[in-house]
Amino acid sequence: MSDHDLPLPRRDLARRFEAVRRHTLTLAEPLSAEDQAAQSMPDASPAKWHQAHTSWFFEALLLRPHLPGYRPLDESFHFLFNSYYEGLGPRHPRPQRGLLTRPSLDEVRAYRRHVDTHIRQLIDSCTDAVWAAIAPTLELGLHHEQQHQELLLTDALHLLSCHPWRPALIDAPPAPIAAGTSEWLCHDGGLVEIGRDVHQRNAAETGFAFDNEGPRHRVWLEPFEIASRLVTCGDFQRFIDDGGYREPRWWLSDGWATVQQQGWKAPLYWVADGDDAGRDDSADGSGSRWSVFGLHGLRPMDPAAPVMQLSFYEATAFAEWAGARLPSEPEWEAASALPGMAQLADQAWQWTRSAYHPYPGFRPLDGAASEYNGKFMVGQLVLRGGSLATPPGHTRPTYRNFFPPAARWQFTGLRLARDARPRTETPA
Ligand SMILES: [Fe+2]
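In this report, we go over the structure that sits alongside the text. Since the structure is predicted, the reported quantities are computational estimates derived from the model, not experimental observations. (Residues numbered from 1 in each chain as written. Predicted model: local features only at pLDDT ≥ 70, side-chain atom pairs only at ≥ 80, totals over all residues. Heavy atoms only, no water.)

What about the coordination of the iron ion?
Reasoning step 1: The coordination sphere of the iron ion contains the protein donors His 53 (NE2), His 144 (NE2) and His 148 (NE2), at a distance range of 2.2 Å.
Reasoning step 2: Each donor residue of the iron ion lies on the same chain, and together they follow the pattern H-x90-H-x3-H. A residue pair is termed long-range when its members are at least 10 positions apart, and His 53 in helix α3 (residues 47-66) and His 144 in helix α6 (residues 128-161) qualify at 91 residues.
Reasoning step 3: Judged by relative accessible area, His 53 falls into the buried class, the value being 1%.
Reasoning step 4: Here His 144 falls in the buried class, since its relative accessible area comes to 3%. (Donors = N, O, S within 2.8 Å, 3.2 Å for Na, K, Ca; no water. Helix = DSSP H or I, 4+ residues; strand = E, 2+ residues; numbered from the N terminus. Buried < 20%, exposed > 50% of the residue type's maximum accessible area, 1.4 Å probe, protein only.)

Overview of the sheet that holds strand β8 (residues 349-355)
Reasoning step 1: Pairing in this open sheet of 4 strands is mixed, and the strands run β10-β9-β8-β11 from one edge to the other. The two strands at the open ends of the sheet, each matched to only one other strand, are β10 (401-403) and β11 (412-413).
Reasoning step 2: With 2 bridges connecting them, β8 and β11 associate as parallel partners. The residue of β11 that forms the bridge with Trp 349 is Thr 412.
Reasoning step 3: The sheet contacts of helix α10 (residues 312-321) involve β8 and β9 (381-384), and relative to β8 the element is tilted by about 85 degrees. (Pairing = 2+ DSSP bridges. Contact = heavy atoms within 4.5 Å. Axes fitted to C-alpha atoms, helices over the stretch in contact; angles between N-to-C directions.)

Remarks on the environment of Arg 353
Reasoning step 1: Along the chain, Arg 353 turns up in strand β8.
Reasoning step 2: Along the chain, Arg 353 and Leu 383 lie 30 residues apart, while their C-alpha atoms are 8.8 Å from each other.
Reasoning step 3: Apart from residues no more than four positions distant in its own chain, Arg 353 is found in contact with Leu 252, Phe 312, Thr 316, Leu 326, Pro 327, Ser 328 and Leu 381.

Right, dumping it as structure tokens:
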């Protein structure tokens, strides 16, 4: 069988493997070994752990089962760097990943090189039949590592946000955001198809999709309107100035309880001028001037920039205040092809009003990868699009990201939607 008959050519996947593995190291480069070992909260993982865990994924799902004679660099890594795969054995507790001061960063880098060497060997040496069986898992491993590349950044950003220096991950100033006005775009609704046929695809032709993106299926939509651009920091400041964080009527009950418990007054990385000098007036934030912490450090708030590091609760409260709502995920996907839709995937993930549930006919992948998505389909909301931290080429209009409603350390923002206004009939 020639390469052309196989769903994924070896050379192509081998090249992508090298590029993705290299990109992870590039992202970690601005971080010191000390930065890379620390864990700022249970939800976030150390950069060193991300680099080890993505290597573990290739080792556990490909090298151990499929490379004859493979010898792990260190047997204990199988326990240390398993994330949540019950089928692959016990693991180190997630909230204690920051206590893994050993192996050192240098040893984790050696682990990566060990896995890389043997993945190359597997790609070069396996039979065509084995290749056909393992290529989809290798491809899954690449997309898995890309997901961790974004997590590495969001987790490192959270860590640095806890440091009084508020160090920048990127030295250069951010690229300016064009201050365009948001328009309401109309969608007629009707019967639409969303999702991807992930189990019957010819991967080489249609490209990769996660199992949770399928099956493709029909959904009925009522006519709706959707904003062409994301909600901006300037928009969100008006919500704050209007007392948005102290007015329960905008909030879902769980959201309002969280605002009270956590003392939220603004998006996660907004710093009211004066707070950094140690003055916390514990007011509601209205009337403050703000700076925003991000990959480029602490910078004066740009009113044209999309607001991000928002929870679902804050997104729904803002939408209520604005007299609108969040789109459902079928609405978002159907609208993604509308002319005029901007900031689809390059700024912030967009909260939808849709719970993260299986699509009709959903079937998880076989084997260990069956734990990848399906078991998390409860208690979370779907986000669509992509963010400025999403690796190029990783996302697509059918992509389903998901987080619990109170999560706010990701690059998460919102795009407004509303029911279409009834059309007035013109008399003949
Ligand atoms: Fe993972």
